[in-house]
Amino acid sequence: MFPTHRPRRLRNHPQLRRMVRENVLTTNDLIYPLFAVPGEGIAQEVKSMPGVFQLSVDKIVEEAKQVYDLEIPAIILFGIPADKDTDATGAWHDCGIVQKAATAVKQAVPDLIVIADTCLCEYTSHGHCGYLEIGDLTGRVLNDPTLELLKKTAVSQAEAGVDIIAPSGMMDGFVQAIRAGLDASGFTEIPILSYAAKYASAYYGPFRDAAESTPQFGDRRTYQMDPGNNREAIKEIELDIAEGADMLMVKPALAYMDIIWQVKQASNLPVAAYNVSGEYAMVKAAALNGWIDEERVVMETLLGFKRAGADLILTYHAKDAARWLKP
């Protein structure tokens, strides 16, 4: 008795495996996150994220040129302001750090797509993503007043030359508010990449070192999603689609590939996956200890996101991946 079907026939030769490969990762899929800080000549490595740096605007421009030369189509900017306050002024001020970085990058590398993270936690003195009641020590953000701040922030980012607005605060109605603000200001062609399914995750730890955005009290579980929920993710993306989102994001990615798949099946919009800081840090730590083959693990992980349905991948591995993808 011999097998009638022999799937191994299609695995016998590298070129044959390449011909029948169902999912392929390319540099077109990648978005590289960058952290902008005030000053000049600054490149401060984030201790919990080896190879990731807080960069002054001049260094951001240098990095953007490298990204473009590697044929990565886009960056996403996060900002760390010199001063923080309860009104998140640094997020929406014309001279905000993201606004300065975006303008400089677009002047230096006009064909590179610049995405702005449109959130407030890096800019508030308490580290939460919007307004709080006076005296509140739980972190329960006031939803509707915060929408006005997000609207102002998005318009200011668009005026600075940002190509895509990416709101990440998980406020109810934030896509509709931002869309209305952009349209009223003449930015009808600026798309919105919504952090539509963003979970309250322990994987964000190193990012909060990089963005200096750790909440001073409480946590973000009253606005970010419960990790045990999947039907809720579909509800969230349906609301964002109805409000005018152009693209959808799932964050984190590694432990949420089922959510990426479900979002992809439920929508015709492009889906992004954020390969977040904790996922990056685990791989880097294991690689630095010689426990894994970093290149193979990174490329397999990124391909896994593609297989799960991601059209775009935000990842701190983007530059390395682009180099590894070169023939």
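Note: the structure precedes this text.
Definitions and limits used
Residues numbered from 1 in each chain as written. Predicted model: local features only at pLDDT ≥ 70, side-chain atom pairs only at ≥ 80, totals over all residues. Heavy atoms only, no water. Helix = DSSP H or I, 4+ residues; strand = E, 2+ residues; numbered from the N terminus. Rg over C-alpha atoms; globule rule 2.2 N^0.38 Å. Buried < 20%, exposed > 50% of the residue type's maximum accessible area, 1.4 Å probe, protein only. Contact = heavy atoms within 4.5 Å. Salt bridge = Lys/Arg side-chain N within 4 Å of Asp/Glu carboxyl O. Phe/Tyr/Trp six-rings, centres within 6.5 Å; stacked < 30°, edge-to-face > 60°. Lys NZ or Arg CZ within 6 Å of the ring centre and 35° of its normal. Core = buried A, V, L, I, M, F, W, Y, C linked by side-chain atoms within 4.5 Å.

(A) Looking closely at the overall build of the chain. Counting its regular elements, the chain contains 12 helices and 10 strands. The C-alpha atoms of the chain give a radius of gyration of 20 Å, which matches the 20 Å a tight globule of 327 residues would have. Taken over the C-alpha atoms alone, the chain extends approximately 75 × 45 × 40 Å along its principal axes. The buried share of the chain, reckoned over its 327 residues, is 53%. A separation of at least 24 residues holds for 74% of the contacts in the chain among residues at least 6 apart in sequence.

(B) Region of interest: the pattern of salt bridges. Per the stated rule, a full pass over the model turns up 10 salt bridges. Where D183 meets R179, a salt bridge forms, and the shortest distance between an N and an O atom there is 3.0 Å. Remark: R179 and D183 occur in helix α6 (residues 174-184); sequence separation between them is 4 residues, near one turn of the helix. For D183, a relative accessible area of 35% gives the class partly exposed. D320 is the partner of R323 in a salt bridge, and the nearest nitrogen-oxygen pair spans 3.3 Å. Of the two residues, R323 and D320 are both situated in helix α12 (residues 318-325); the distance of 3 residues between them amounts to about one turn of the helix. On the basis of relative accessible area, R323 is assigned to the partly exposed category, the value being 40%. With relative accessibility at 24%, the residue D320 sits in the partly exposed group. One salt-bridge network, in which partners are shared between bridges, spans R179, D183 and D246.

(C) Seen up close, the environment of G244. Following the sequence through the fold, G244 ends up in the loop between α8 (231-243) and β8 (247-251). When the C-alpha atoms of G244 and Q176 are compared, they prove to be 6.4 Å apart, with 68 residues separating the residues in sequence.

(D) Structural detail: the packing of aromatic side chains. Counting across every chain of the model gives 8 aromatic pairs. Judged by centre distance (5.4 Å) and plane angle (25 degrees), the rings of F35 and F78 are stacked. On the criterion of sequence distance, the pair formed by F35 in strand β1 (residues 30-37) and F78 in strand β4 (residues 74-79) is long-range, its members being 43 residues apart. Neither residue differs from the other here; F35 and F78 are each classed as buried. Through a chain of ring-to-ring contacts, three or more aromatic side chains come together here, namely F35, F78, Y195, F207, Y274, Y280 and Y316. The aromatic ring of W92 is capped on one face by K152, whose charged end is 3.6 Å from the ring centroid. Across from the ring centre of F207, 5.1 Å away, lies the NZ or CZ of K251, which sits over that ring.

(E) Molecular detail of the nonpolar core. Of all hydrophobic cores here, the largest spans 82 residues; its most connected members are I75, L77, L182 and I260. Apart from residues lying up to four places away in sequence, I260 is in contact with V250, A253, V271, A273, F305, A308, G309 and A310. Listed in part, the 27 residues of the second largest apolar core include I31, V46, A74 and F78.

(F) Looking closely at the environment of T27. With respect to the helices and strands, T27 occurs in the loop between α1 (14-19) and β1. Sequence-distant contacts of T27, that is, excluding residues within four places in its chain, are made with L70, E71, I72, P73, A322 and L325.

(G) The arrangement of the side chain of Q54 in detail. With respect to the helices and strands, the residue Q54 is situated in strand β3 (residues 53-56). Since its relative accessible area comes to 11%, Q54 is described here as buried. Once residues within four sequence positions are removed from consideration, Q54 is found in contact with F35, V37, I42, A43, Q44, V46, I80, D209, A210 and E212.

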